[in-house]
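Here's the letter readout for the chains.
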Amino acid sequence: MPRAEHAEFNPLDYDNLARTCVEELMRRGPWRLEDSTATTFDGAGVYALFYEGSFAPYAALRAPDALRPIYVGKAVPPGGRKGRGRPGPNRALWGRLAEHRESITAAHSSLNTADFLVRYLVVTPLWISMAEGLLIDEFQPAWNVCLEGFGNHDPGGGRHAGEIPWWDAMHGGRPWAARLRQTRSQDHALRRLAEFLR
């Protein structure tokens, strides 16, 4: 068995790719979410949101050092979800962060956009989905794996028979979520979060 320093290094090994994505993202920023969306910029890619506010249930999730994200997401170029990503400049990443700012603003007084930091990385479209998955695997952010639904959009007319997302059960405020089946309450979300944090 070769010693570790003699082992062959494969840069495309899953663990090495994950480490590269995490390290590169964490070298960027952090910036205030409000500042990041104040001026448009080009590109698609991945990002991580970090919480430093005072919402009591999130005390264990606070990351004023921007090292443990509460949410990781991706922004693909227009048409990218259907395999037809358009080449050329786009503002997918900026637009996605602006959408998140609006969701946080809509939350019933439990969240404030001033309490969020962001790191983002413009990524070649081919690698965006993989990079997002690697980052979620690495950090297990609460809004990705416990209180899912932060990144959801309005499901559209005639499709409001689904359950309210866990994120909206915790925070409320998004008008479209109020039209979904209200099968989950904030109490349910708080219990789910407590189990996740154990």
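Let's shift gears to helix α4 (residues 128-139). For α4, which comprises 12 residues, the first-to-last C-alpha distance of 17 Å matches the rise-based estimate of 16 Å (1.5 Å per residue) to within 8%. Turning to α4, its buried residues number three or more, namely I128, A131, E132, L134, L135, I136 and F139.

Following G29, the chain continues into P30 via a peptide bond in cis, with omega recorded as 5°. Unusually for a residue other than glycine, S109 sits at a positive phi of about 55°. Looking at the secondary structure, you find S109 in the loop between α3 (92-106) and β4 (116-122). Despite not being glycine, Q140 has its phi angle at roughly 50°, a positive value. Within the secondary structure layout, Q140 lies in the loop between α4 and α5 (142-145).

Bringing the pattern of salt bridges into the picture now. All chains considered together, the criterion is met by 10 salt bridges. In this structure, R91 engages D42 in a salt bridge whose closest nitrogen and oxygen atoms are separated by 3.6 Å. One end of the pair, R91, is in the loop between β3 (71-75) and α3; the other, D42, is in the loop between α2 (33-36) and β2 (45-51), with 49 residues separating them in the sequence. The exposure class assigned to R91 is partly exposed, which follows from its relative accessible area of 48%. A network of salt bridges, in which partner residues are shared, links E24, R27 and R28.

Cut-offs and rules
Residues numbered from 1 in each chain as written. Predicted model: local features only at pLDDT ≥ 70, side-chain atom pairs only at ≥ 80, totals over all residues. Heavy atoms only, no water. Helix = DSSP H or I, 4+ residues; strand = E, 2+ residues; numbered from the N terminus. Expected span 1.5 Å × (residues − 1). Buried < 20%, exposed > 50% of the residue type's maximum accessible area, 1.4 Å probe, protein only. Salt bridge = Lys/Arg side-chain N within 4 Å of Asp/Glu carboxyl O.

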